[in-house]
Amino acid sequence: VKQSQIRVAIAVTFVAGFCSRLALAQLAGGEPTRLFEMRNWVVGLDQPTDIAFVPDGRAILALRDGELVVRTRDGALHHNAGNTYPKLRHLESGLLGIAMIPDAVVDNGMGPEYPLVTISAGIDNNNKEKIRINTGRLLANNEIFIQLARPLLELSPRTAGHYGGGLVVQGDDLYVSIGDSSILATPPTNRNASCLNHPYGKILRIKLDGSVPADNPLVGMTEVSGCDGPTDPIQMMPPDRRIFAWGLRNPWRFWVDPMTKLLWIGDVGERTREEISIGGAGHHFGYPFFEGGVSYDQAFSPRKCEGLMPSVSCTPPAFEWTNGRAIGGDRTIEDRAAIGGLIPDETGTLCGWPPDWKGRYFFGDFGSGLIRTVGVAPDRRSIVSDDVSTFGTVAGVTGFRMGFDNALYVVSNGSGSIVRVISRDHTGAGCTALPAPIDAAVVDVMDASVLDPSDAAALSPMDSATEEVASIGNDAAVVDAAVVDAAVDAPAGDSDGAVGTMVSSPGGCSCQLDRGTTSGFAFGLAVFAMFFVRGLRRRGR
Ligand SMILES: [Ca+2]
């Protein structure tokens, strides 16, 4: 009898842990739960990084290992594994971003073909670090052809890591975020972000034919502040005219507001601050003179943004938060990497979207999985700093994109899923003009990729001191187990007892609750089971 009781206790513990792990995406209590619905739209993906929506109702999911998966209108998944991107080596490498090129559909008689662009990072066949932007097209039969031999842009960073990896297409402009090419130090020693002769630590803007827009901020200049290597002296050099904005450490995800043309950048910090920055052409966002609002009196010259050519003041962050490591937190669950988001009304009328939530900026943190929102000023040029709220959690969030159905889609690298957020009232004014909502795919949380810890080579847009030896040309990339674990152990949501909806819930999970925080319930069950077993053992003595 005792043996069976122990087995029951162990089973309860297992189920509790199982359900706790399944709560990989959920809304915060209060208004988010009352007003919104958050559901898995695609599950079972191996580390998705980004999503692009096709006007005909399909979507393309970029997976970190280079695979492109087409989700058809009816929810079927079509895998394109034949496109070979630079190989993974470093934790931050892989296929990092994808964007469609709207208004450029071609039809050669075989059905419409939709042009697209991807960004990837890793090592090439000669073991050299490469960041590549490739063009390609999605065919009517769901095959994707990538022009791998002729990249639109190819960069050869001297170190691994801090690749950036964000893509935004507006008109025939392509915006690209590129990180500062690593080196880990506090205060920072890497000056790349302030050296305007190369693309590292910048937002670039090029035309879709690869040319430089005539109104890029450095086009008219013959000499600017530059440097050969990241720790070399800053001196006058010819500019890289592809540069649009600079002073960024690892701007992994960013957005360009179609209404203001301003950049909204999530700049990943070292181990002190995470930040959202807002600005436009020619802005210097502070690095390495500032990390968030923390000022470093740099030992090298110049010591501040104003000392560079062109001379501009540092643009302070619009919003910043503390990196978990800065407060001695558990880095597998704490904030540690800003993931820039968007204001979810870029496509115009949002069907049924609650009015109070229309003008808010949504963003995330890869480490904690927290999705936060912040109020935005009416002119959309700044935020309302005291108006910040938690919207929910999405494990290992790596991106925010709006669909043609006016839903907000969030990429969950940590749980291998795409999560869709819509208003519960999806029948209001303006809805008739919208494309029919795409039905959610069947949620299959038994998929091994969600649950198997061995599957968790986490994509990490942050970095850690143990990740690599940060020296020029060093090929070593030591995988940090704590980072790897983070993808699976990413947060299960608020533990404050708030009402939550467990959207990753399995149909057959007996511990799904309509109200209450499922993770908290699971935790309670686990504690109960632990004491139960302990009690049995004590009685057995
Ligand atoms: Ca900054």
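Residues numbered from 1 in each chain as written. Predicted model: local features only at pLDDT ≥ 70, side-chain atom pairs only at ≥ 80, totals over all residues. Heavy atoms only, no water.

Chemist: How should the coordination of the calcium ion be read in this particular structure?
Modeler: Note on metal sites: the ideal angle is 109.5 degrees for four tetrahedral donors, and 90 or 180 degrees for six octahedral donors. On the protein side, the calcium ion has Glu275 (OE), Glu275 (OE) and Phe285 (O) as donor atoms, found 2.2 to 3.0 Å from it. Here Phe285 lies in the loop between strand S21 (273–279) and strand S22 (290–291) and Glu275 lies in strand S21, a separation of 10 residues in the sequence. Owing to a relative accessible area of 4%, Glu275 belongs among the buried residues under this scheme. Given a relative accessible area of 2%, Phe285 falls into the buried group. (Donors = N, O, S within 2.8 Å, 3.2 Å for Na, K, Ca; no water. Helix = DSSP H or I, 4+ residues; strand = E, 2+ residues; numbered from the N terminus. Buried < 20%, exposed > 50% of the residue type's maximum accessible area, 1.4 Å probe, protein only.)

Chemist: Honestly, the pattern of salt bridges in this entry has me stumped. Any pointers?
Modeler: Two side chains carrying opposite charge are able to pair once their charged atoms lie near each other. Applying the stated criterion to the full structure yields 19 salt bridges. Residue Glu129 is joined to Arg89 by a salt bridge in which the shortest nitrogen-to-oxygen separation is 2.1 Å. Taken together, the residues Glu129 in strand S10 (residues 129–138) and Arg89 in the loop between strand S6 (77–80) and strand S7 (94–100) connect sequence positions 40 residues apart. When its relative accessible area of 8% is taken as the criterion, Glu129 is described as buried. Note that Arg205 and Asp215 form a salt bridge whose closest N and O atoms lie 2.7 Å from each other. Of the two residues, Arg205 is situated in strand S15 (residues 202–207) and Asp215 in the loop between S15 and strand S16 (224–226); the sequence distance between them amounts to 10 residues. (Salt bridge = Lys/Arg side-chain N within 4 Å of Asp/Glu carboxyl O.)

Chemist: Explanation requested: the pairing of S15 in the structure shown.
Modeler: In summary, the side chains of a regular strand alternate between the two faces of the sheet. Among the six residues of S15, five are classified as buried, and the element is accordingly described as predominantly covered. Bridging between strand S14 (residues 173–178) and S15 involves six bridges; their strand directions are antiparallel. Each residue of the ladder has a partner; that of Asp173, found in S15, is Lys207. With three bridges connecting them, S15 and strand S18 (residues 243–246) associate as antiparallel partners. Each bridged residue has a counterpart across the sheet, and for Lys202 the counterpart in S18 is Trp246. (Pairing = 2+ DSSP bridges.)

Chemist: Can you help me understand the sheet that holds strand S24 (residues 319–322) in this one?
Modeler: The four strands are arranged S19-S20-S21-S24 in an open sheet whose pairing can be described as antiparallel. Both edges of this open sheet fall to strand S19 (251–256) and S24, since each of them pairs with a single strand only. Across the sheet, the mean angle separating the axes of adjacent strands is 10° when strand polarity is ignored. Across five bridges, the pairing between S19 and strand S20 (residues 263–267) is antiparallel. Pairing of Arg253 across the sheet is with Gly266, part of S20. (Axes fitted to C-alpha atoms, helices over the stretch in contact; angles between N-to-C directions.)

Chemist: Just checking my understanding: could you explain the state of the cysteines for this structure?
Modeler: Covalent bonding between the sulfur atoms of two cysteines defines a disulfide. Tallied over the full model, the rule gives two disulfides. Across a sulfur-sulfur distance of 2.1 Å, Cys195 and Cys227 are joined as a disulfide pair. The disulfide joining Cys195 to Cys227 has a torsion of about 115° about its S-S bond and is therefore right-handed. Here Cys195 is found in the loop between S14 and S15, whereas its partner Cys227 is found in the loop between S16 and strand S17 (235–237), with 32 residues between them in sequence. One exposure class covers both Cys195 and Cys227, and it is buried. There is a disulfide in this structure between Cys305 and Cys314, and the S-S distance comes to 1.8 Å. Handedness here is read from the sign of the S-S torsion; for Cys305 and Cys314, about 90°, the answer is right-handed. (Disulfide = S-S within 2.5 Å.)

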